[in-house]
Structure formats: C-alpha cells, structure tokens
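The primary structure of each chain is shown beneath.
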Amino acid sequence: MVTFNSIAHTLCSFFFLSLLLLFANAVALANAKTHYHDFIVQATPVKRLCKTHNTITVNGQYPGPTLEVNNGDTLVVKVVNKARYNVTIHWHGVRQMRTAWADGPEFITQCPIRPGGSYTYRFTIQGQEGTLWWHAHSSWLRATVYGALIIHPKVGDSYPFTKPKRETPLLLGEWWDADPMDVVRQATRTGGAPNVSDAYTINGQPGDLYNCSSKGTAKVPVVAGETNLLRIINSALNQELFFTIANHKLTVVGADASYVKPFTTSILMLGPGQTTDVLITADQPPARYYIAARAYVSAQGAPFDNTTTTAILEYRTPSCSGKCASTKPVSASLPAFNDTATATAFSKSFRSPKKVPVPTNIDENLFITVGLGLNNCPKGARAQNCQGPNGTRFTASMNNASFVLPSNFSLLQAHQQGIPGVFTTDFPAAPPVKFDYTGNVSRSLWQPARGTKVYKLKYGARVQIVLQGTNISTAENHPIHLHGYDFYIIAEGFGNFNPKTDTAKFNLVDPPLRNTASVPVKGWSVIRFVADNPGVWLMHCHLDVHIGWGLATAFLVENGVGELEILEHPPADLPVC
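On a predicted model such as this, the values are computed, not experimentally measured, just so you know.

Attention shifts here to the overall build of the protein. Helix and strand content of the protein: six helices and 32 strands. The C-alpha atoms of the protein give a radius of gyration of 24 Å, which matches the 25 Å a tight globule of 577 residues would have. Referenced to the eigenvectors of the C-alpha coordinate spread, the extents of the protein come out at roughly 95 × 70 × 55 Å. Counting every position in the protein, which comprises 577 residues, the buried fraction comes to 58%. In the protein, of all internal contacts separated by at least 6 residues, the share reaching a separation of at least 24 is 80%. Per element, the accessible surface of the protein, about 23,900 Å² overall, is 53% carbon and sulfur. Averaging the locations of the 47 positively and 38 negatively charged side chains of the protein gives two centres separated by 4 Å.

Printed below as a string of structure tokens:
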C-alpha cells in the first residue's frame, strides 16, 4: 500500500508539474506579439561636418529606427528599396531558427532587393534577451543604414539585475565626408586600402570636437542617484573602438543579447558588430560629463581615423540646471590607440552568469586561419589598378581561400534547389599548408586562391573552431561574426595556438555566449557551438573592408529529422537575382 501511495504521489506531482509547464507556455505564447514595421530605404539629405550629403537611410532617419520587442515576439518588416543601390537588411545576432531566408546577407541567404523592389522579413525572437542591431548587408550601405534591436524579457519576466530607471541605446558609427559607396568602389578599382572615415559618431552625431557639430551632440539625461542601463553598439564600418564615460564606472551585465556575470570597468572595447550592456549609477557631483569613443588600432603602420567622438552625460537636478547647461563637460580619458593590453583585459573579463552547457565530445574540429594577403598585379593591369604595397592588390582569406560572393543565385537558394556550379563544399578544415602563422610568413603564402567554398555540417554536430590570426601583410585584431548562431568563446591567447598546451586554458564551465569574437592581433580564439539551425550561414570578419577582400566562408548546415529541424520553405516574395 505504501508503495502504491508513493507511486501515486509521484505521478500526481509529475502531472501537476506538467500542467504548470503547459500553463506557463500557454501564457508565454498568449503574451507574445507580432510587430509590423515598414522600412523605406531612401536617399536623405544629412548634414555633418559642415556639408550636406544625400545619405542612404531608413525612413529618413540616421541612424535608423530602434525596434523594441520582447523575447518570444515576432517581427514582420517590409523593406521597400527607393534608393539607387541594391540593398538587403541583416538582423545581426538573431538566431533565425529555421528562418535563414530572413537573415539578410546579400547572395548568401537572398538575392538583393533591387531599386524599386521590396521584401518582407519575417522571424521570431527565441530565447534571446538584451541588445542586438540591424544593418544593411550589401556592399558598404551599412555605413548609414543601421539601427538598434532591443529585446526585453518575456512579459512577466525581469532582468537578472535591479531594473534600471532609464534605458538608452548608444550606437557608435563612422562618417565619411563622401558617399561611402564611392569610397569602396575607388578602393576596389585601385586595389589599395579605402580612405578612412572623417569622423566617428554617437547616435549619428560626431560631437563637440569636430567642426560644425556641437549643436547636434547627443545627450544622455540622468538623475543623481539613479542607475540607468546603456546599450552600446559598435555600428562602425571598419573600426574597433574604445568607449568610456568621464569619472563614472560601468558595470557590464550583457553582451550580444546574452547576460554575463557582472563586472565593473571604466573602459570598454567593442569590435564592429559587438554590443555591450552596462549599468551606470549617477553618483558623481551633478554636472556634464563627456561620453567618448575613439579607435583601437592593432595593425602597425595602417592609416586610421584618429579623431574622437563625444556625447554628453547630463545630470538633471535642481542644483544642475541652467548653470550646468552652459559649463564645459568634464573631459574623458581614453587608452592609447594601440593599447592591446587594455583591449585584452576587457575581452578576458567576460563570463556567463552560471554554469553553461558547453559542447563536449566534439564532432567537427576546425582550425581556420584569418588574415590579409597581397595579390601580385595581374599581367597587363595598369599601375593605377595595383596601389597596394609594392604594386600589389589587397586581398584576404580564411585557410588560404579568398571568398567570392556568387552573383546569379544566393547560396541558400542554390543549396535548397540543388543548383550546381554556384559553390563547392571543399572549404578546408585546416590550412592547406602549416606555417608560423604569427611570425615572418613566406611570400609564397601571401596570395590566396579565390573561390566560393563552404563547409558542410550535419545537423546536431558539435563544432569547435580555432580562429588563428596571421601575420601576412600585417596582423591585426579581427572581429569574426557567425550568422545564425551564438557560440561560446572558451579561450583566447597570443601567438600560434598550441593544442598540447593551450587546451589547458579552455573554460568549459562559464564561458561567455557571443555572436562576434575579437580574434587578438597575432593571436587566436577558440569557439564552440552545436549546429542546430539548418541553412547556409556566413562567417566573416566584421571589418567590412576585409569581407570585401574575401575574409569569409560559410557553413552549410543540413536539415535534421522532423519539422522542427528542417529549414522553412522560402517566402513567396523572396527577391530574384
């Protein structure tokens, strides 16, 4: 009888818990919303640095509109292209579970939206909370076509920290006193490096330290004693950036729409594509304080924009009203441009808040070199078309394969429809030639092979990738972004990765979950993920000059078993090439 009662009690408990879970899921589904937006891509007069340019924007806004949703919500965004360039929109960091058609990179998951055309992106946010962003993924249009994507907790859930009084997105960007499309076209024609930007921006404004810019300087209001949340996004096209706020400490609580174990710092370093959520307490004497950002430069001898963008943290209190508004803000102190030690200390501070399920028993162990190269001037070419170092043309590659975008079909379309001749699946799992990656590299290895090579992964494969920086032409920090996935960064270091000794540095307990990893200059990073999202997913350097040179590859993740493991059918309005 006792045994029967025990079994009955266990069954009742299990039934009750099941009902609770079903009820919780039903409530979550009932509270989930569908958000509809229209994005009109168009040329808009924008005045910066004393000059007005016809700038490509979304809805006439620079930066573009901020989208706010809750975890579990669905976004339906109709993009209408009224500009003169082809365009696509990428939802940076969104997992896009089974909805690869909505990911957005040009010629990877879709053909571009032609001038006069439109396409509707439909996708659901699943299990992500924090700060992401959206941007154009067609040539250099993302220089001005970008905006924040803020994901709040599910209705009824809360942050894992005290709710802030206010939340403010801060988008760091770059501004050219020219049409960015002309800048990249000139570089493509000459084979040299593109002209660097003329200013950095915070929420589209260069700030007080540039000509004709003080009136528009972005301001962040705070009230003494309050704690606010700042959502910082590096939207810059080609530059890693240091960030600080004068006399204030920043408590990092999230990155790339994943929570992290809180830590306090005065300096952030973000690579393009990365986001960082910080809490800031207004605990200083009421005044105005500069928010500032400027370049972190790891490539020796490379030209860069050495200016500093500013916004203003402005205390709003009775004791700091009219008098404060006219006072000069307190200056901010930033690291030296080449302060790799500070950048490294920051990147190594990230941890997940608790133990996480890091993949073990690895099925696919890849070693991928990432770096630049130089192609010899083609026979018969003019000197004006070979303006790289010593009469060469810049290039870049992963594992000596310089990635070439297709032009007649997207990779996803070719994969789904079985169209031959668009790509090959022979991207190498390791460099074709082993060498001293961060030492003096033989000139024979400076010219990579061009091609559209992808790497095939079975659904559910547990993947480890060693991302190894190289010293070909010049070494630098590369922010490597993987579409369609978050991954755990389990280690990073300098020099050549040594599997015999460096595996001891692996953090398999609480590594951070990111979508963009900064591979250290002359160093390496190791990431892990499970291939649980079918489709074709681009992995590339988020310095846009580098992806144009070929620093990219793609993963073709096969379908699994059953509807929930299979790529959805393409939408009816998918653009054609």
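Looking now at the pattern of salt bridges. Taken as a whole and judged by the stated rule, the model has 17 salt bridges. In this structure, Glu-314 and Arg-288 form a salt bridge, with 3.0 Å as the shortest nitrogen-oxygen distance. Of this pair, Glu-314 sits in strand β19 (residues 308-315) while Arg-288 sits in strand β18 (residues 288-295), placing them 26 residues apart in sequence.

Spatial ordering of the open sheet is given by β11-β19-β18-β13-β16, a layout of five strands whose pairing is mixed. Because the sheet does not close on itself, it has two edges, and the strands there are β11 (219-222) and β16 (268-270). In this sheet, adjacent strand axes meet at a mean angle of 20° when their direction is disregarded. Strand direction decides the pairing type here: strand β13 (residues 241-245) and β16, joined by three bridges, are antiparallel. Residue pairing in the sheet places Phe-243 in a bridge with Leu-268 of β16.

Turning our eyes to something else, we now look at unusual backbone geometry. Between Tyr-62 and Pro-63 the backbone carries a cis peptide bond, its omega angle lying at -10°. Within the secondary structure, Pro-63 is located in the loop between β2 (51-58) and β3 (67-70). Although it is not a glycine, Asp-256 sits at a positive phi angle of roughly 50°. Looking at the element boundaries, Asp-256 is found in the loop between β14 (250-255) and β15 (258-265). A positive phi angle, near 50°, is found at Asn-399, a position not held by glycine. Looking at the secondary structure, you find Asn-399 in the loop between β21 (392-398) and β22 (401-403). Residue class for Asn-399 comes out buried when judged on its relative accessible area of 2%.

The sheet built from four strands is open, its strands ordered β3-β8-β7-β5 with mixed pairing. Every other strand in the sheet has two partners, leaving β3 and β5 (89-92) as the edge strands with one partner each. Adjacent strand axes in the sheet meet at a mean angle of 20°, parallel and antiparallel pairs treated alike. Bridge count for strand β7 (residues 130-136) against strand β8 (residues 146-152) is six bridges, and the pairing is antiparallel. The partner of Gly-130 across the bridge, within β8, is Ile-151.

Here the focus is helix α4 (residues 340-347). Among the residues of α4, Ala-343, Thr-344 and Phe-346 are the ones counted as buried. Taken end-on, α4 shows its buried residues confined to a sector of 160°, consistent with a single buried face. Taken together, the buried residues of α4 touch β13, β14, β15, β16, β17 (275-281) and β27 (487-494).

All right, on to the environment of Gly-147 then. Checked against the element boundaries, Gly-147 lands in strand β8. With relative accessibility at 0%, the residue Gly-147 sits in the buried group. Apart from residues no more than four positions distant in its own chain, Gly-147 is found in contact with Gly-64, Pro-65, Trp-133, Trp-134 and Leu-171.

As a further point, take the environment of His-35. When you line up the elements, His-35 lands in strand β1 (residues 34-48). Of the residues examined, His-35 reaches a relative accessible area of 18% and is grouped as buried. Linking His-35 and Thr-317, residues 282 residues apart in sequence, is a C-alpha distance of 36 Å. In contact with His-35, not counting residues within four places along its chain, are Glu-68, Val-69, Asp-73, Thr-74, Leu-75 and Val-76.

About the thresholds
Residues numbered from 1 in each chain as written. Predicted model: local features only at pLDDT ≥ 70, side-chain atom pairs only at ≥ 80, totals over all residues. Heavy atoms only, no water. Helix = DSSP H or I, 4+ residues; strand = E, 2+ residues; numbered from the N terminus. Rg over C-alpha atoms; globule rule 2.2 N^0.38 Å. Buried < 20%, exposed > 50% of the residue type's maximum accessible area, 1.4 Å probe, protein only. Contact = heavy atoms within 4.5 Å. Areas by Shrake-Rupley, 256 points an atom, 1.4 Å probe, with all protein chains shown as cover. Lys, Arg positive; Asp, Glu negative; His and termini not counted. Charge placed at Lys NZ, Arg CZ, Asp CG, Glu CD. Salt bridge = Lys/Arg side-chain N within 4 Å of Asp/Glu carboxyl O. Pairing = 2+ DSSP bridges. Axes fitted to C-alpha atoms, helices over the stretch in contact; angles between N-to-C directions. Arc of directions from axis to C-beta.

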